[in-house]
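Secondary and tertiary structure notes
Okay, here's what each chain looks like letter by letter:
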Amino acid sequence: MTGLVGVFDSGIGGLSILQALRAELPQSRFIYIADSGHAPYGERTDAYVMARSRAIMAELLKRQVQALVIACNTATAVAIEQLRADCPELPIIGVEPALKPALALSQTRRIGVMATRSTLASAKFKALLTALASQAEFVVQACDGLAERIERSVGSNDTADIKALCAQYTQEMGSFGIKSGQIDTLVLGCTHYPFATAPLRELLGPQVQLVSNGPAVARQTRLKLAQNTSLAASHALDDLAAEAATPLTLLSTGEPQLLQAAAQRWLPRLPTETVYRATRLATST
Ligand code: DGL
């Protein structure tokens, strides 16, 4: 499946989704926008996240993307319905905490969910939780500051803060393990958190399952792209055409060098033609 897919997150977290997208759609081209100049989203107002999401979608539409992946649980929870209403002809795929896959895995029926405060407070997440609440006990934990620390760690390589926050939040959730009454499955409900897998593994041991939604989002994107052959990416504006023709373009509203460092660390088999660029996106309100 070929095609041009726009992907965005508040920062580098969405690279965990981009990883899965590139594996599922090796022939497609991707433009990724990290809104690092405005991260984190998870502790901001809904109005702010909505305005940022709209500004980024407008930028990706200029490049004639054929599908848009909101690689951010927070922006999905707050903005996906409005973005779909703004642009009904564009397939828009979001990411939500992987509660359903966790249900399929958990034996103890006690499932932990780590996410941003804003995701957990959203009507969308509450509806998901209510729909599944009879099937297991979900222990939810707002992880203030964790996405921000992960974002910052790329520049500093200092992971002590990340370890400390992971320890604090997992302790607050209770006992982890595979015995009855313990949490045996942990949902990483923010796309930044897979980049804290190592400290989480160290804290929780090898038996607790860590679950995120990247592969499911990637499969969904392939299906939507296949249905959207009518939107050929042939009309990209001249000055953006080169970007649209590149296998992978990584744009950041913050420091493009940090996005580059994160991509080099976390994206396997980066194409040599990858373009890294700073982009200034004014919030359109
Ligand atoms: N990575 C994002 C998410 O999945 C947002 C993290 C943040 O900016 O707070 O929720």
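No experiment lies behind these values; they were computed from the predicted model shown. (Residues numbered from 1 in each chain as written. Predicted model: local features only at pLDDT ≥ 70, side-chain atom pairs only at ≥ 80, totals over all residues. Heavy atoms only, no water.)

1. Quick word on the sheet that holds strand β8 (residues 209-211)
As summarised here, the arrangement of the 4 strands in space is β6-β5-β7-β8, forming an open sheet in which the pairing is parallel. Both outer strands of the open sheet, β6 (137-142) and β8, are each paired with one neighbouring strand and no more. Mean inter-strand twist for the sheet, computed between neighbouring axes without regard to direction, equals 20°. By the bridge criterion, 4 bridges tie strand β5 (residues 110-115) to strand β7 (residues 185-188) in an arrangement that is parallel. Paired with Gly112 across the bridge in β7 is Leu186. (Pairing = 2+ DSSP bridges. Helix = DSSP H or I, 4+ residues; strand = E, 2+ residues; numbered from the N terminus. Axes fitted to C-alpha atoms, helices over the stretch in contact; angles between N-to-C directions.)

2. What about the nonpolar core?
Counting 50 residues, the largest nonpolar core has Leu15 and Leu18 as its most contacted members. When residues no more than four places from it in sequence are discounted, the contact partners of Leu18 are Val7, Phe30, Tyr32, Leu248, Leu250 and Leu267. Counting residues in each nonpolar core, the second largest holds 24 residues, with Tyr41, Val49, Ala75 and Cys87 among its members. (Core = buried A, V, L, I, M, F, W, Y, C linked by side-chain atoms within 4.5 Å. Buried < 20%, exposed > 50% of the residue type's maximum accessible area, 1.4 Å probe, protein only. Contact = heavy atoms within 4.5 Å.)

3. Focus on unusual backbone geometry
Along the chain, Ala39 connects to Pro40 via a cis peptide bond; the corresponding omega equals -5°. Take Pro40: it is sitting in the loop between β2 (29-34) and α2 (46-62). Even without being glycine, Gln64 reaches a positive phi, approximately 60°. Looking at the secondary structure, you find Gln64 in the loop between α2 and β3 (67-70). We classify Gln64 as partly exposed; its relative accessible area is 29%. The backbone of Arg269 shows a phi angle near 50°, a positive value even though the residue is not glycine. Along the chain, Arg269 falls in the loop between α12 (256-266) and β10 (275-278). By relative accessible area, which is 72% here, Arg269 ends up exposed.

4. Considerations on the side chain of Asp9
With respect to the helices and strands, Asp9 occurs in strand β1 (residues 4-9). No salt bridge forms around the buried Asp9; measuring N to O, its nearest opposite-charge neighbour Arg52 is 12 Å away. Excluding anything up to four places from it in sequence, Asp9 contacts Gly14, Tyr32, Ile33, Ala34, Asp35, Tyr41, Ala71, Cys72, Thr191 and His192. (Lys, Arg positive; Asp, Glu negative; His and termini not counted. Salt bridge = Lys/Arg side-chain N within 4 Å of Asp/Glu carboxyl O.)

5. Focus: the site of the ligand
Of all residues adjacent to the ligand, which total 13 residues, the nearest are Ser10, Tyr41, Gly42, Thr74 and His192. Within the backbone of Asn73, an N or O atom sits 2.8 Å from an oxygen atom of the ligand. A distance of 2.7 Å is found between a nitrogen atom of the ligand and a side-chain nitrogen or oxygen belonging to His192. Considering the ligand on its own, with 300 Å² of exposed area, one finds that the protein chains cover 99% of that surface. For the shell around the ligand, a count of residues per class yields 5 nonpolar, 7 polar and 1 charged. (Near = heavy atom within 4 Å. Polar contact = N/O pair within 3.5 Å; in protein donor to acceptor, adjacent residues only side chain to side chain. Areas by Shrake-Rupley, 256 points an atom, 1.4 Å probe, with all protein chains shown as cover. Nonpolar A, V, L, I, M, F, W, Y, C, P; charged D, E, K, R; others polar.)

6. Points about the environment of Arg109
Tracing the backbone through its elements, the reader meets Arg109 in the loop between α4 (99-105) and β5. Each C-alpha atom of the pair Arg109 and Thr74 lies 25 Å from the other, and the pair is 35 residues apart in sequence. Discounting chain neighbours no more than four positions away, the residues touching Arg109 are Leu103, Gln135, Ala136 and Glu137. Among the polar contacts listed, one links the side chain of Arg109 to the backbone oxygen of Gln135, at a separation of 3.3 Å.

7. Section: the pattern of salt bridges
This model, assessed by the stated rule, comprises 9 salt bridges. Salt-bridge contacts for Lys62 lead to Glu59; the nearest nitrogen and oxygen are separated by 3.0 Å. Of the two residues, Lys62 and Glu59 both sit in helix α2, 3 residues apart, roughly one turn of that helix. Lys62 gets classed as partly exposed once you look at its relative accessible area, which sits at 40%.

8. Notes on the packing of aromatic side chains
Summed over the entire model, instances satisfying the criterion amount to 1 aromatic pair. The interplanar angle of 20° and the centroid separation of 3.9 Å between the aromatic rings of Phe195 and Trp266 together place this pair among those described as stacked. Linking Phe195 in the loop between β7 and α9 (197-204) with Trp266 in helix α12, this pair joins segments that are 71 residues apart in sequence. The pair formed by Phe195 and Trp266 is uniform in burial state, with each residue classed as buried. For the cation-ring pair, Arg265 lies above Trp266, with the distance from its terminal atom to the ring centre recorded as 5.0 Å. (Phe/Tyr/Trp six-rings, centres within 6.5 Å; stacked < 30°, edge-to-face > 60°. Lys NZ or Arg CZ within 6 Å of the ring centre and 35° of its normal.)

9. What about the sheet that holds strand β4 (residues 92-93)?
The strand order across the open sheet formed by 6 strands is β4-β3-β1-β2-β9-β10, and the pairing between neighbours is parallel. The open sheet is flanked by β4 and β10, the only strands paired with a single partner. Across 5 bridges, β2 lies against strand β9 (residues 248-252) in parallel orientation. Bridging across to β9, Ala34 finds its partner in Ser252. On top of the sheet, helix α1 (residues 15-24) reaches β1, β2, β3 and β9; it is set at about 175° to β2, its chief contact.

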